Amino acid sequence: MKPTPLYGMMAEFDTPTDLVAAAERAHHAGYQKIDAYSPFPIEGLAEAIGFQKNRVPLVTLIGGIVGGLTGYLMQYWISASSYPVNVGGKPYHSWPAFIPVTFELTILFAGISAVLGMLALNGLPMPYHPVFNVPRFAFASKDRFFLIVFSSDPQYNSKATRDFLERLNPRSISEVPS
Amino acid sequence: MSATHMNPADLMAPPVTKTIQQRSLMIGLVFAVIAVAGAFVRPDEFFRGYLLAYMDWLGVTLGSMAILMIRHLTGGGWGVVIRRVLGAAMRCLPLMAFLFVPILFGLPRLYVWARPLDSITDKHLQSHLQEITKSYLSVHGFVIRAAIYLAIWNLLSFLLTKWSREQDQPGARDNSPRFKAVSGPGLILYAFTVSFAAIDWVMSIDPSWISTIYGLLILIGQLLSAMCFAVVVERILARYKPMSVWLRPSFVHDHGKWMLTFVMVWAYFSFSQWLIIWAGNLPEEITWYIRRLHGGWGGVGLLLALFHFAVPFIMLLSRSFKRDIGRLVWLAVGLLVMRWVDLLWIIEPNYSQTLSVTWADFVVSIAVGGIWLWFFFRNLNSLPLLSIYDPDAHEVLEPAHE
């Protein structure tokens, strides 16, 4: 039977502080493709694995702008071009009256873009993920903290990476089959 | 670093606050002398400027009290780090009660309803005033209600301060349940009293005009003023120990989010009022806006739309901007100036059809501000900068991920 290619090397830690310290050291050691798992959000962890920016805010902003323009132009087209109705002698193009719908559509489009953009960028829903091949990874939703170095990292080398992870004093180290 | 290992002296405000305190007092007194001298020469202009200055600085004071009560209900590190700053601003309430007295001397100059009815030439207004001065807008009623508002605010401030001081003693019992018990009803009381105060003190300048959202508009302005002021003070404190150790980007981020929220709610209320009155277009309502959009006041209105809403809103959308106290503080300063412009735009057009900003608008605002700041820094120095037995104090004292 052909050995399955490795997805990465995973180290298990007991405390969030250990995980953040380990992630920082791995990042400083030059590992770029690393990730960390914990049962709850940890302040500073994202920065520690070198995570800089996510693009969900940008997607949300674009969604909001598109929504605002849609709302305004739709009303302009309805009230001033397609079916003009004289309301209280006000001009057909009465911008104050257009603002509430413009605002609502801005929020609606921004909200939908945020959800869909988040799903598109993080790849969810994801029916299969290799990290679950490690039985101990079940503890990641209880009280253990995991750091993984992906085999796609240019610096990845099964021996050197294992030695490096050993020096971080983890509770266990596992190879993650893909 | 835990609470038990702290030296009380390490928790105090840095010496620089004493310097600012003295300079504020000097500036305040110099301008107060000019203002008082001006009051004898140009009393009308003085009282208008005084009302503007009073409402502006009252906003920082009451807004701080409200944010402090919100913090007592929600908890969180963002609030612990500015809790004592908000508290010191809130404890300027006795000063604000004292500073209310001069307004009583200017009632007929400020409010048309406080003048003798015979002196009013407009018959329509005269008959309207005949009714409302009997029921609500009488000088007696005004004074009694003002005393009640100021008493309620001072009582809330007194209780919150007293328990906060008690909580600083080692081994004292946790006062958090008491804070919560007062803050919930306190916020409701604050909303009602500040609405009534806004109607009495500002809206009644034009007694034939009413807007139901007016009180909330003043209220949200106060919250914005207070959060901007807290950001300015935390910037000054963060140059020195101990605040330089405590203030984290995540707390600044939260303060920036509050600013964004208040800017948006202010815009939402302002626009709602405008939209409803614009859509109705009734003579007794629209006149308020006609005055404020013509004769040069329209430019001020545009200034407000741009720099009280649009520009701050866009800047505050940026995450990195909100986390950087060095940049956020300049927006906070700008918004504090815009709060003053907003109140100017609300108050002054009642007296002048064309754009007019008098000497008193500046001089009295600086005089009251100087004295207020002196009092504020005095308060700030009287208690430690951190309430170390606050249940959330560990968020400030300990590294984030423990």
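1. Digging into the state of the cysteines
Residue and element names in this part refer to chain B. In total, this model carries zero disulfides over all chains according to the counting rule given. Lacking any disulfide linkage, Cys-92 is separated from the closest cysteine sulfur, that of Cys-228, by 17 Å. Cys-92 gets classed as buried once you look at its relative accessible area, which sits at 0%. Residue classification places Cys-228 among the buried residues on the basis of a relative accessible area of 1%.

2. Regarding the sheet that holds strand β2 (residues 34-37) of chain A
Residue and element names in this part refer to chain A. Across the sheet, four strands lie side by side as β2-β3-β1-β4; this open sheet has antiparallel pairing. Of all strands in the sheet, those bounded by a partner on one side alone are β2 and β4 (172-177). Direction aside, the axes of adjacent strands within the sheet are offset by 25° on average. In terms of strand pairing, strand β1 (residues 6-13) meets strand β3 (residues 145-150) through six bridges, oriented antiparallel. When the bridges of β3 are listed, Met-9 appears paired with Val-149.

3. A few points about the interface of chain B and chain A
Counting from both sides, the interface comprises 12 residues of chain B and, opposite them, 14 residues of chain A. Summed over both partners, the interface of chain B with chain A comes to about 1100 Å²; 70% of that surface belongs to carbon and sulfur atoms. On inspection of chain B and its partner chain A, the count reaches zero salt bridges. Remark: the boundary between chain B and chain A carries three residue pairs in polar contact (both at pLDDT 80 or more). Take the side of chain B that touches chain A: its biggest share by element is six residues, from helix α11 (residues 249-280) of chain B. A class-by-class count of the residues in the side of chain B that touches chain A yields seven nonpolar, three polar and two charged.

4. Considerations on the nonpolar core
Generally speaking, soluble globular proteins have nonpolar side chains that are buried together. With 142 residues, the main nonpolar core has Tyr-54, Trp-201 and Phe-376 of chain B as its most contacted residues. The dominant element in this core, judged by the number of residues it contributes, is helix α2 (residues 43-74) of chain B, at 17 residues. Sequence-distant contacts of Trp-201 of chain B, defined by excluding residues within four places in its chain, comprise Leu-51, Tyr-54, Met-55, Leu-58, Phe-100, Tyr-111, Phe-142, Ala-146, Tyr-149 and Trp-153 of chain B. Counting 23 residues, the second largest nonpolar core, distinct from the first, contains Leu-19, Ala-23, Ile-42 and Phe-164 of chain A.

5. Thoughts on empty space enclosed by the protein
Residues and elements named next belong to chain B. A complete count under the given rule lists two cavities of 30 Å³ or more for this structure. Each pocket or cavity is described by its volume, and for the largest cavity that value is around 80 Å³. If you go around the largest cavity, the residues you meet are Leu-68, His-72, Arg-83, Arg-84, Gly-87, Met-90, Arg-91, Leu-160, Thr-161, Ser-164, Phe-179 and Leu-383. Elements supplying a minimum of two residues to the lining of the largest cavity: α2, α3 (77-90) and α7 (139-167).

6. Things to note about a nonpolar patch on the surface
Residues Leu-58, Leu-61, Ile-62, Ile-65, Val-66, Leu-69 and Leu-73 of chain A together with Leu-317 of chain B make up a contiguous nonpolar surface patch of roughly 720 Å² in combined accessible area. By the element assignment, Leu-73 of chain A lies in helix α3 (residues 56-82). With relative accessibility at 52%, the residue Leu-73 of chain A sits in the exposed group.

7. Here's the deal with the packing of α2 of chain B against helix α8 (residues 176-201) of chain B
Axis angle and axis distance: for two packed helices, these are the angle between their axes and the distance between the axes, and together they describe the pair. Residue and element names in this part refer to chain B. Running from amino to carboxyl end, α2 crosses α8 at an angle of 160°, the nearest separation of the two axes being 8 Å. The angle between α2 and α8 places the two elements in the roughly antiparallel class. Read as a crossing pair, α2 and α8 show a hand that is left-handed. Residues Leu-51, Tyr-54, Met-55, Leu-58, Leu-62, Gly-63, Met-65, Ala-66, Met-69, Ile-70, His-72 and Leu-73 of α2 pack against Phe-179, Lys-180, Ser-183, Gly-184, Gly-186, Leu-187, Tyr-190, Val-194 and Trp-201 of α8. Residues belonging to the contact of α2 with α8 are distributed by class as follows: 15 nonpolar, five polar and one charged.

8. Details of unusual backbone geometry
The amide bond that connects Leu-124 of chain A to the next residue, Pro-125 of chain A, takes the cis arrangement and shows omega of -5°. Counting through the fold element by element, Pro-125 of chain A comes out in the loop between α4 (95-122) and β3. Between Lys-241 of chain B and the following residue, Pro-242 of chain B, the backbone shows a cis peptide bond with an omega angle of 0°. With respect to the helices, strands and loops of the structure, Pro-242 of chain B is situated in the loop between α9 (214-237) and α10 (243-246). Residues other than glycine seldom take positive phi values, yet Asn-169 of chain A does so here, at roughly 55°. With respect to the helices and strands, the residue Asn-169 of chain A is situated in the loop between α5 (158-166) and β4. Judged by its relative accessible area of 66%, Asn-169 of chain A falls in the exposed class. Residues other than glycine seldom take positive phi values, yet Asn-281 of chain B does so here, at roughly 55°. Here Asn-281 of chain B is to be found in the loop between α11 and α12 (283-293).

9. Things to note about α3 of chain A
Because each turn of an α-helix spans 3.6 residues, side chains separated by three or four positions in sequence point in the same direction. Residues and elements named next belong to chain A. Here α3 contains 27 residues, and its C-alpha end-to-end distance of 36 Å stays within 8% of the 39 Å for a straight helix at 1.5 Å per residue. Within the span of α3, buried status applies to Gly-63, Gly-64, Gly-67, Gly-68, Gly-71 and Gln-75. The inward-facing, buried residues of α3 abut α4.

10. Points about the packing of aromatic side chains
All names here are of chain B. Following the criterion strictly, the structure yields 38 aromatic pairs over all chains and no others. Judged by centre distance (5.1 Å) and plane angle (75°), the ring pair of Phe-46 and Phe-47 falls under edge-to-face. Between Tyr-111 and Trp-113, the aromatic rings sit 5.1 Å apart at their centres with planes inclined by 20°, giving stacked as the arrangement. For the pair Tyr-111 and Trp-113, a shared accessibility class is recorded, and that class is buried. Here the aromatic cluster, defined as three or more aromatic residues joined through ring pairs, consists of Tyr-54, Phe-100, Tyr-111, Trp-113, Phe-142, Tyr-149, Trp-153 and Trp-201.

11. Digging into the packing of α7 of chain B against α8 of chain B
All names here are of chain B. For the pair α7 and α8, the least separation of the axes is 10 Å and the interaxial angle reads 155°. The orientation of α7 relative to α8 falls into the category roughly antiparallel. The interaxial crossing formed by α7 with α8 has left-handed handedness. Looking at the contact of α7 with α8 residue by residue, the class counts come to 16 nonpolar, six polar and four charged.

Conventions adopted
Residues numbered from 1 in each chain as written. Chains lettered and ligands numbered in written order. Predicted model: local features only at pLDDT ≥ 70, side-chain atom pairs only at ≥ 80, totals over all residues. Heavy atoms only, no water. Disulfide = S-S within 2.5 Å. Buried < 20%, exposed > 50% of the residue type's maximum accessible area, 1.4 Å probe, protein only. Pairing = 2+ DSSP bridges. Helix = DSSP H or I, 4+ residues; strand = E, 2+ residues; numbered from the N terminus. Axes fitted to C-alpha atoms, helices over the stretch in contact; angles between N-to-C directions. Contact = heavy atoms within 4.5 Å. Buried area = accessible area lost by both parts, 1.4 Å probe. Salt bridge = Lys/Arg side-chain N within 4 Å of Asp/Glu carboxyl O. Polar contact = N/O pair within 3.5 Å; in protein donor to acceptor, adjacent residues only side chain to side chain. Nonpolar A, V, L, I, M, F, W, Y, C, P; charged D, E, K, R; others polar. Core = buried A, V, L, I, M, F, W, Y, C linked by side-chain atoms within 4.5 Å. 1 Å grid on protein atoms, 1.4 Å probe; cavity = no way out; pocket = protein on both sides within 12 Å on 5 of 7 lines; lining within 4 Å. Points joined across faces, edges and corners; volume = space filled by probe spheres on them. Patch = residues over 30% accessible without salt bridge, like charges linked within 9 Å, V, L, I, M, F, W, Y side chains within 5 Å. Areas by Shrake-Rupley, 256 points an atom, 1.4 Å probe, with all protein chains shown as cover. Parallel < 35°, antiparallel > 145°, perpendicular 65-115°, else oblique. Left-handed = near helix turned anticlockwise from the far one by under 90°. Expected span 1.5 Å × (residues − 1). Phe/Tyr/Trp six-rings, centres within 6.5 Å; stacked < 30°, edge-to-face > 60°.

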